[in-house]
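Take a look at the letters that make up each chain.
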Amino acid sequence: MGTEGTTNYTYFGRSISQLSINDESSSSAFSDCNSDRSGEFSAASSQTRRFLLACAADNSDDLIRQLVSDLGSDSVNEQKQAAMEIRLLAKNKPENRIRIAKAGAIKPLISLISSQDLQVQEYGVTAILNLSLCDENKDAIASAGAIRPLVRALTSGNSTAKENAACSLLRLSQVDSHKAAIGRAGAIPPLVKLLEAGSSRGKKDASTALYSLCSTVKENKVRAVKAGIMRVLVELMADLEGEMVDKSAYVASVVVTVAEGRAAFVAEGGIPVLVEIVEVGTQRQKEIAVVILLQVCEESAAYRKLVFDESAIPPLVALSQSGTNRAKQKAEKLIELLRQPRSGNGSARASEVTG
């Protein structure tokens with residue numbers, strides 16, 4: 001051993017001396033997703049991990065080929081070790097994400113996602129997440145059959161696997177053609193469950209994935225409604241001291257663009273929650289709240305009456321005078337709608353309230 005912070009090793013026949021093993025980056029999470037906890041290793045193994053990462057700068061192709069081979073080992077421990085190293089290599093060196101995929105790692109990693117060993121499953125899910133951060137890998141991961149195993153991990157995995165599966169599906173959904181396939185694979189209900197009952201991190205990952213999946217695919221919006229998303233979203237928005245008000249409102253704003261979403265939102269008591277947000281929320285919360293209210297009210301006199309009866313006019317007038325430019329415009333339009341005569345239209349649209 002040399003000076004403190006350096007070491008001597010021989011790896012793949014190459015001697016490495018005076019190599020720094022300071023690797024603070026391995027303990028930091030992705031700024032993109034903030035869910036990869038691959039820096040959490042015991043002190044006894046950390047030197048080896050750090051050495052492999054540093055060594056990979058020059059020997060990455062040899063190292064990656066060996067690790068990909070180990071993924072197919074009959075030994076669960078070897079699989080676990082290889083998946084752990086690959087997730088680290090893909091996390092800390094973005095250029096390795098393409099090298100790892102080209103070396104044939106995607107299919108064996110997907111196989112590990114179905115492992116009965118929860119830690120192997122977690123490492124497999126997280127390695128796929130890290131590879132999916134590279135746009136060039138997204139189609140390859142989806143076409144290799146990753147979507148359904150990732151959906152299963154949302155229900156069968158440990159908390160980290162669930163969170164990272166949600167993040168992986170989010171990354172894959174950034175390719176528009178994958179959104180419908182992810183919905184058909186059954187991702188929406190477990191994501192709604194994670195949104196409701198997950199950790200703080202899990203709730204955020206689930207909301208972001210749901211927003212992406214529901215933003216442009218009508219079928220996914222309907223699936224979300226059937227999975228009970230509106231009850232969860234309204235409860236999260238009602239907790240004005242919580243950290244999910246904004247994210248939940250943004251998800252609601254895309255789901256209410258379908259009639260089923262509007263009906264469910266009203267049935268779950270969403271209107272009084274939004275009126276309160278318009279009155280006491282932050283500027284950003286007020287803006288998204290008035291956007292949702294306008295979406296709900298534009299085609300339904302019955303819903304307009306419900307909003308009017310919540311004494312929404314005064315806070316809307318205040319917002320039209322002091323909100324963001326977008327909030328002012330939406331508030332003015334909603335006030336105009338609410339002040340229209342309601343006789344003759346309410347009964348025609350009343351079925352939407354109970355439908």
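Since the model is a prediction, treat every value here as computed from it, not as a measurement. (Residues numbered from 1 in each chain as written. Predicted model: local features only at pLDDT ≥ 70, side-chain atom pairs only at ≥ 80, totals over all residues. Heavy atoms only, no water.)

A few words now on the side chain of Asn-137. On the secondary structure map, Asn-137 appears in helix 6 (residues 135-143). Those residues within four positions of Asn-137 in sequence are excluded, and the remaining contacts are Arg-97, Ile-98, Ala-101 and Leu-131. (Helix = DSSP H or I, 4+ residues; strand = E, 2+ residues; numbered from the N terminus. Contact = heavy atoms within 4.5 Å.)

Scanning all chains against the criterion turns up 14 salt bridges. Linking Asp-176 and Lys-179 is a salt bridge whose minimum nitrogen-to-oxygen distance equals 4.0 Å. Taken as a pair, Asp-176 and Lys-179 lie in helix 9 (residues 176-184) at a separation of three residues, close to a single helical turn. A relative accessible area of 57% means that Asp-176 is categorised as exposed. Lys-179 gets classed as buried once you look at its relative accessible area, which sits at 5%. (Salt bridge = Lys/Arg side-chain N within 4 Å of Asp/Glu carboxyl O. Buried < 20%, exposed > 50% of the residue type's maximum accessible area, 1.4 Å probe, protein only.)

Here helix 17 (residues 283-297) spans 21 Å end to end across 15 residues, near enough to the 21 Å set by a 1.5 Å rise per residue. Buried residues dominate helix 17, accounting for 12 of its 15 residues. The elements touched by buried residues of helix 17 are helix 14 (245-255), helix 15 (259-267), helix 16 (270-280), helix 18 (301-309), helix 19 (313-322) and helix 20 (325-338). (Expected span 1.5 Å × (residues − 1).)

Moving on: the confidence of the model for the protein chain. Summary statistics for the protein chain give a mean pLDDT of 85 and a share of 79% for residues scoring 70 or more. A low-confidence stretch, residues 1-32 stays under pLDDT 50, and its non-local contacts, those more than four residues away or across chains, total 68 contacts. Scored below 50 in pLDDT, residues 38-44 shows 11 contacts in the model against residues more than four places distant or in partner chains. (pLDDT = per-residue confidence, 0-100.)

Moving on, we get to the nonpolar core. One finds Leu-109, Ile-229, Met-237 and Phe-265 to be the most contacted residues of the largest nonpolar core, which totals 99 residues. In terms of residues, this core owes the most to one element, helix 17, which gives nine residues. (Core = buried A, V, L, I, M, F, W, Y, C linked by side-chain atoms within 4.5 Å.)

Further remarks concern the packing of helix 2 (residues 76-92) against helix 5 (residues 118-132). In contact at an axis separation of 8 Å, helix 2 and helix 5 are set at 25 degrees when each is read in the N-to-C sense. On the basis of the axis angle, helix 2 is roughly parallel to helix 5. Read as a crossing pair, helix 2 and helix 5 show a hand that is left-handed. The residues of helix 5 that touch helix 2, namely those facing Val-76, Lys-80, Ala-83, Met-84, Ile-86, Arg-87, Ala-90 and Lys-91, are Gln-119, Val-120, Glu-122, Tyr-123, Gly-124, Thr-126, Ala-127, Asn-130 and Leu-131. Its residues assigned to classes, the contact of helix 2 with helix 5 comprises nine nonpolar, four polar and four charged. (Axes fitted to C-alpha atoms, helices over the stretch in contact; angles between N-to-C directions. Parallel < 35°, antiparallel > 145°, perpendicular 65-115°, else oblique. Left-handed = near helix turned anticlockwise from the far one by under 90°. Nonpolar A, V, L, I, M, F, W, Y, C, P; charged D, E, K, R; others polar.)

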